[in-house]
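A look at the structure
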Amino acid sequence: MTPLDKPTTEDTSADDARAVTEAALFEAFGGVRGMVETVLPGLLFVSIYTVNKNLHMSAIAALAVALVMVVVRLARKDTVKHAFSGVFGVAFGVVFAMMTGNAKDFYLPGMLYTLGLALAYIVTAMAGVPLIGLMLGPVFKENLSWRTRNPGRKKAYTKASWAWGLILLGKSAILFPLYWWADTTQLGWVLVALKIPPFLLAVYLTWVFLAKAPPPIDVFAEMEAEEERKAAAE
């Protein structure tokens, strides 16, 4: 290997930063399993409803599979936050649909949540406290240090929040007209189709912005070092 072929310290640091970013995003957003848990209940609901148009059977099946996924995670002692959020989402959808008798209302709570989340990303980005930074700061062990001590990361979090907000807003712009004009099966299949691609695009853009940003400031390591320094001084 020639000197030009050898990786520089800067290249190694950049690779390490990308690896840390990938791992943090994977943890924060649940990875492949989290995506499956997000898609499966809705897919089961629309599949059963497409076949027999039975609201009760479709709703119960969707809720049952969501509960099973939580039980499996508990049995494996895995993180359950993504599965629990899926259960709550499905439960709200079931309640709405059962109360109104309209199968399309199974999707309404999730659609309203998506719209609210889109607005939250955009508003917090405009306010200088980007939501994606509040979510990922603890994952990167930097907490809120990026707000005042790491402007490059604040800029990256702001860009990522804008990306999430606009992508989710675009998704809402497709789904809400379908809620009014399409039938239940059409809305359901479009919603299932739009579960993963917008999410992957937003995660990818977040990775791009953060991979180019300065590394996070590990405030936990700083606190431990300060405690050690105080102990040594005493």
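Criteria and thresholds
Residues numbered from 1 in each chain as written. Predicted model: local features only at pLDDT ≥ 70, side-chain atom pairs only at ≥ 80, totals over all residues. Heavy atoms only, no water. Core = buried A, V, L, I, M, F, W, Y, C linked by side-chain atoms within 4.5 Å. Buried < 20%, exposed > 50% of the residue type's maximum accessible area, 1.4 Å probe, protein only. Helix = DSSP H or I, 4+ residues; strand = E, 2+ residues; numbered from the N terminus. Contact = heavy atoms within 4.5 Å. Salt bridge = Lys/Arg side-chain N within 4 Å of Asp/Glu carboxyl O. pLDDT = per-residue confidence, 0-100.

Core analysis: the biggest nonpolar cluster contains 25 residues, and Phe45, Leu55, Val90, Phe106, Tyr107, Met111 and Leu175 have the highest contact counts within it. Broken down by secondary-structure element, the contributors of at least two residues to this core are α2 (31–52), α3 (55–76), α4 (81–100), α5 (108–126), α8 (151–181) and α9 (184–193). Each residue touching Met111, except ones within four places of it in the same chain, is listed here: Leu175, Phe176, Tyr179 and Leu191. Leu25, Ile132, Tyr157 and Leu210 belong to the second-largest nonpolar core, a separate cluster that totals 18 residues.

Enumeration over the complete set of coordinates arrives at 1 salt bridge. Of the charged contacts in the structure, one is a salt bridge between Arg153 and Glu142, with a shortest N-O distance of 3.0 Å. In this pair, Arg153 is assigned in helix α8 and Glu142 in the loop between α6 (131–136) and α7 (145–148), connecting sequence segments 11 residues apart. Considered together, Arg153 and Glu142 belong to a single accessibility category, that of buried residues.

This part takes up the confidence of the model for the protein chain. Predicted confidence across the protein chain gives a mean pLDDT of 84, with 84% of residues reaching 70 or more. Per-element confidence in the protein chain ranges from a low mean pLDDT of 61 for helix α1 (residues 9–29) to a high of 96 for α8. Here residues 1–12 is modelled with pLDDT under 50, and outside its nearest four sequence neighbours on either side it reaches 3 contacts, counting other chains as well.

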